[in-house]
Amino acid sequence: MEKDIDELLEEVENKFINKNNEDKSRKLLTAHTLSSQSSFRCDSSDYDDILRDVEDHTDSKPMLSKSLTTNSSPTASAGIRCFPVYIGGSDHSSGCSTVGMPRSCSNLHCISCDFAVYTFDNFQWLPDTDYLFLRTNMPEFERVKDHLLPLEGCRAYACQCSHYATSIMKEVKSVPVLSWVCRSH
Ligand SMILES: [Zn+2]
Ligand SMILES: [Zn+2]
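All figures in this text were calculated on a predicted structure; none of them were measured in a lab. Within every chain, residues take consecutive numbers counted from 1 along the sequence as written. Ligands are numbered from 1 and chains lettered from A, in the order in which they are written. At least 70 in pLDDT is required for a residue's local features to be given in this predicted model, at least 80 for side-chain atom pairs to be given and counted, and no such filter applies to totals for whole chains, interfaces and linings, which use all residues. The basis for every side-chain value is the complete set of non-hydrogen atoms in the structure, without hydrogens or water.

Trainee: Could you clarify how one ought to interpret the coordination of the zinc ion (ligand 1) in this entry?
Mentor: Around a metal, the idealised angle for a tetrahedral arrangement of four donor atoms is 109.5 degrees; for an octahedral arrangement of six donor atoms it is 90 or 180 degrees. Only nitrogen, oxygen and sulfur atoms within 2.8 Å of the metal, or 3.2 Å for Na, K and Ca, are treated as donors, and water is left out, so sites may look incomplete. Around the zinc ion (ligand 1), the protein contributes the donor atoms Cys82 (SG), Cys105 (SG), Cys182 (SG) and His185 (NE2), which lie 2.0 to 2.3 Å from the metal centre. Geometry at the zinc ion (ligand 1) is tetrahedral, judged from the 4 donor atoms that bind it and their angles of 101 to 116° at the metal. The sequence motif formed by the donor residues of the zinc ion (ligand 1) is C-x22-C-x76-C-x2-H. Residue cysteine 105 is located in strand β3 (residues 104-105), and its partner histidine 185 is located in the segment after β10 (180-182); the two are separated by 80 residues in the primary sequence. Among the residues examined, cysteine 105 registers a relative accessible area of 5% and is labelled buried. Here histidine 185 falls in the partly exposed class, since its relative accessible area comes to 36%. Note on geometry labels: four donors, all angles 85 to 135 degrees, give tetrahedral; four donors become square planar and six octahedral when opposite donors are over 155 degrees apart and every other angle is between 65 and 115; remaining cases are irregular. Strands here are runs of E lasting at least two residues and helices are runs of H or I lasting at least four, both read from the DSSP assignment and numbered beginning at the N terminus. Exposure categories follow from relative accessible area, calculated using a 1.4 Å probe and restricted to protein chains: below 20% of the type maximum is buried, above 50% is exposed, and the middle band is partly exposed.

Structure (structure tokens):
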């Protein structure tokens, strides 16, 4: 007797499932797994959102691929580096440099001492400025100003191992003693 009821229930359940399956497969999933509603509801609503999104647009495939591209674009666009890398005087615009738009790089980093490169506009370095002085006093202006001489249009650069001053725009690689690279913008 019990077996008969079980078989009957199973048969009804199968019919019920199959019937729903013909209607809408995702509703079957929700109905069939009442005990784990929450997870399926979540999946189902996400699915519905995607379907609604797709239905809003007549041509769904380009729309989906476009949204994927948009999601990945922030990482792709982050971290633009100067090319070529320029240093320049205080009159030159600073920022990110491109081939058609040379600018003095505003985010230089020394790969020799692993220290940021700081700039002091309208100054040049005294000839006796050396490694030990920079190592001890950079980047505090108050501590290095005694080694800076005012010079209009000049820009004094220094990390903790090297220093340089220029009034003209030039590529960093044209000064072989400098191990300065653009650290992106
Ligand atoms: Zn740069
Ligand atoms: Zn350095």
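Right, picking up where we left off after that structure.
Trainee: So what exactly am I meant to see when it comes to the nonpolar core here?
Mentor: General note: in soluble globular proteins, nonpolar side chains tend to be found buried as a group. Nonpolar cores were defined as sets of buried Ala, Val, Leu, Ile, Met, Phe, Trp, Tyr and Cys residues, with membership established by side-chain atoms within 4.5 Å. Among the nonpolar cores identified, the biggest contains 18 residues, and Val85, Leu108, Cys110, Val117, Cys159, Val172 and Trp180 are the most heavily contacted of them. Sorting the residues of this core by element identifies β4 (108-110) and β10 as the ones contributing at least two each. For valine 172, the residues in contact, after removing those within four places along its chain, are Val85, Tyr86, Ile87, Leu108, Leu178 and Trp180. Among the nonpolar cores identified, the runner-up in size contains 10 residues, and Phe123, Phe133, Leu134 and Ala158 belong to it. Contacts were defined at the residue level, with two residues in contact if any of their heavy atoms lie within 4.5 Å.

Trainee: Explain the sheet that holds strand β8 (residues 163-166) here, please?
Mentor: Within a beta sheet, neighbouring strands are joined by backbone hydrogen bonds and run either parallel or antiparallel to one another. In space, the 3 strands of this open sheet follow the order β6-β7-β8, with antiparallel pairing throughout. Among the strands making up the open sheet, the edge pair consists of β6 (118-125) and β8. Neighbour-to-neighbour, the strand axes of this sheet turn through a mean angle of 40°, independent of strand direction. When DSSP finds two or more bridges between two strands, those strands count as paired. Sheet analysis places β6 next to strand β7 (residues 148-158), joined by 7 bridges and oriented antiparallel. Axis lines are fitted through C-alpha atoms, for helices just across the contact stretch, and the angle between N-to-C directions can take any value from 0 to 180 degrees.

Trainee: Help me understand the coordination of the zinc ion (ligand 2), please; the structure alone is not making it clear to me.
Mentor: Taken together, Cys110 (SG), Cys113 (SG), Cys159 (SG) and Cys161 (SG) make up the full set of protein donors to the zinc ion (ligand 2), lying 2.2 to 2.4 Å away. One can describe the site at the zinc ion (ligand 2) as tetrahedral: its 4 donor atoms subtend angles covering 106 to 114° at the metal. For the zinc ion (ligand 2), all donor residues lie on one chain, and their spacing in sequence is C-x2-C-x45-C-x1-C. One end of the pair, cysteine 110, is in strand β4; the other, cysteine 161, is in the loop between β7 and β8, and 51 residues separate them in sequence.

Trainee: Hey, could you run me through the side chain of serine 104 in this one?
Mentor: Inspection of the secondary structure puts serine 104 in strand β3. Relative accessible area serves as the criterion here: at 0%, serine 104 is assigned to the buried category. Side-chain atoms alone can form a polar contact between residues adjacent in sequence; in general such a contact is a pair of N or O atoms within 3.5 Å, and within protein one must be able to donate a hydrogen while the other accepts it. At 2.8 Å, the side chain of serine 104 forms a polar contact with the side chain of arginine 155. Beyond its immediate stretch of four places on either side in the chain, serine 104 contacts Tyr86, Ile87, Gly88, His92, Ser93, Ser94, Gly95, Arg155, Tyr157 and Met169.

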